[in-house]
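Now for the letters of each chain:
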Amino acid sequence: RCNRPADRENLLWRIVGRFPGQRWALHELERGYGTAGNTGGLNKVYEALFALNPNDAGLKNNLAATSLLLKLNQTRACGQARELYETANTNAVFVSTYAFALHVQGKSAEGLKLMQALPEADLQRPEIATYYALLLSATGSRDQAGAYFIAAEKAQLLPEERQLLAQARGQN
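Only a predicted model underlies this, so the values are computations on that prediction, with no experimental measurement involved.

Analysis parameters
Residues numbered from 1 in each chain as written. Predicted model: local features only at pLDDT ≥ 70, side-chain atom pairs only at ≥ 80, totals over all residues. Heavy atoms only, no water. Core = buried A, V, L, I, M, F, W, Y, C linked by side-chain atoms within 4.5 Å. Buried < 20%, exposed > 50% of the residue type's maximum accessible area, 1.4 Å probe, protein only. Helix = DSSP H or I, 4+ residues; strand = E, 2+ residues; numbered from the N terminus. Contact = heavy atoms within 4.5 Å. Axes fitted to C-alpha atoms, helices over the stretch in contact; angles between N-to-C directions. Parallel < 35°, antiparallel > 145°, perpendicular 65-115°, else oblique. Left-handed = near helix turned anticlockwise from the far one by under 90°. Nonpolar A, V, L, I, M, F, W, Y, C, P; charged D, E, K, R; others polar. Salt bridge = Lys/Arg side-chain N within 4 Å of Asp/Glu carboxyl O. Phe/Tyr/Trp six-rings, centres within 6.5 Å; stacked < 30°, edge-to-face > 60°. Lys NZ or Arg CZ within 6 Å of the ring centre and 35° of its normal.

Asks: In this structure, what is going on with the nonpolar core? I would like to understand it.
Replies: Soluble globular proteins tend to pack their nonpolar side chains together in the buried interior. Membership of the largest hydrophobic core comes to 52 residues, with the highest contact counts inside it found for Leu29 and Met115. Among the elements that make up this core, the one with the highest residue count is helix H9 (residues 126-138) (eight residues). In contact with Met115, other than residues within four places in its own chain, are Val95, Ser96, Ala99, Leu123, Ile128, Tyr131, Tyr132 and Leu135.

Structure representation (structure tokens):
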């Protein structure tokens, strides 16, 4: 019996290790880590899932995004984000991940320019607004960022994303 979350987590990882094709265990881990806001756990799951299916663009994006947030494998994460953007430059999620990758590389103005090409409806989506507000703030457009900070509050954010937004708002 798995009464404690740690026991359940360990059991699921043992299943993954022994039966790599049993993706249900990875999806259970993803759900648990997502609920708990465990970015490191999510990154580990995305790494395992991506190894099983390297052609899945969504997994590639999630791996790149969590790696960027955790400051892990930055060169690879930036490259993955760029590749996704180059293949689907109208996908708002991919655009925001690549824009964040540019921000991480000190190229916030370039990232902002990419995001400004998105339709306003996409920019208002909470998960996209998070990164748009961050980039607006980083490039000196704090007044314009206000509405997007408000939209971002509706997103289910990871702790690192909340911290980035707090820093962008000047609320260290």
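Asks: Mind showing me how you'd approach the packing of helix H4 (residues 57-70) against helix H6 (residues 92-104) here?
Replies: Each pair of packed helices can be described by the angle between their axes along with the distance between the axes. Here H4 crosses H6 at 30°, and the two axes come no closer than 10 Å. Classified by the angle between their axes, H4 and H6 sit roughly parallel to one another. Of the two possible hands of crossing, H4 and H6 adopt the one that is left-handed. Taking contact as the criterion, the partners of Ala57, Gly58, Asn61, Ala64, Ala65, Leu68 and Leu69 in H4 are, on H6, Val93, Phe94, Thr97, Phe100, Ala101 and Val104. Of the residues assigned to the contact of H4 with H6, the class counts are ten nonpolar, three polar and no charged.

Asks: Honestly, the side chain of Thr39 in this entry has me stumped. Any pointers?
Replies: Following the sequence through the fold, Thr39 ends up in helix H3 (residues 39-52). In contact with Thr39, not counting residues within four places along its chain, are Thr66, Leu69, Leu70, Leu158, Pro159 and Glu160.

Asks: Would you explain the pattern of salt bridges in this entry?
Replies: When their charged atoms lie close together, side chains carrying opposite charge are able to pair. Within this structure, the stated rule accounts for eight salt bridges. A salt bridge links Lys60 to Glu83; the nearest nitrogen and oxygen atoms lie 2.5 Å apart. Highlighted residues: Lys60 in helix H4 and Glu83 in helix H5 (residues 74-87), separated in sequence by 23 residues. On the accessibility criterion, Lys60 (15% relative accessible area) is buried. For Glu83, a relative accessible area of 36% gives the class partly exposed. Here the salt bridges share partners, and the residues they tie into one network are Arg8, Glu28 and Arg31.

Asks: Help me out: how do you make sense of the environment of Ala101 in this one?
Replies: Structurally, the position occupied by Ala101 is in helix H6. Separated by 19 residues in the primary sequence, Ala101 and Arg82 place their C-alpha atoms 8.1 Å from one another. Each residue touching Ala101, except ones within four places of it in the same chain, is listed here: Leu68, Cys78 and Ala81.

Asks: Please clarify how the packing of aromatic side chains should be interpreted in this entry.
Replies: With the rule as written, the count across this model stands at three aromatic pairs. Taken together, a centroid distance of 4.7 Å and an interplanar angle of 80° make the contact between Tyr132 and Tyr148 edge-to-face. On the criterion of sequence distance, the pair formed by Tyr132 in helix H9 and Tyr148 in helix H10 (residues 142-152) is long-range, its members being 16 residues apart. Like Tyr148, Tyr132 is buried. The ring of Trp13 has Lys44 sitting right over it, with the charged end atom 4.2 Å from the ring centre.

Asks: Which parts of the structure should I look at to understand unusual backbone geometry?
Replies: Negative phi values dominate among residues other than glycine, just as trans dominates among peptide bonds. One non-glycine residue, Lys71, lies in the positive phi region at around 60°. Position of Lys71 among the secondary structure elements: in the loop between H4 and H5. Owing to a relative accessible area of 66%, Lys71 belongs among the exposed residues under this scheme. The phi angle at Asn73 is positive, at roughly 45°, despite the residue not being glycine. Checked against the element boundaries, Asn73 lands in the loop between H4 and H5.

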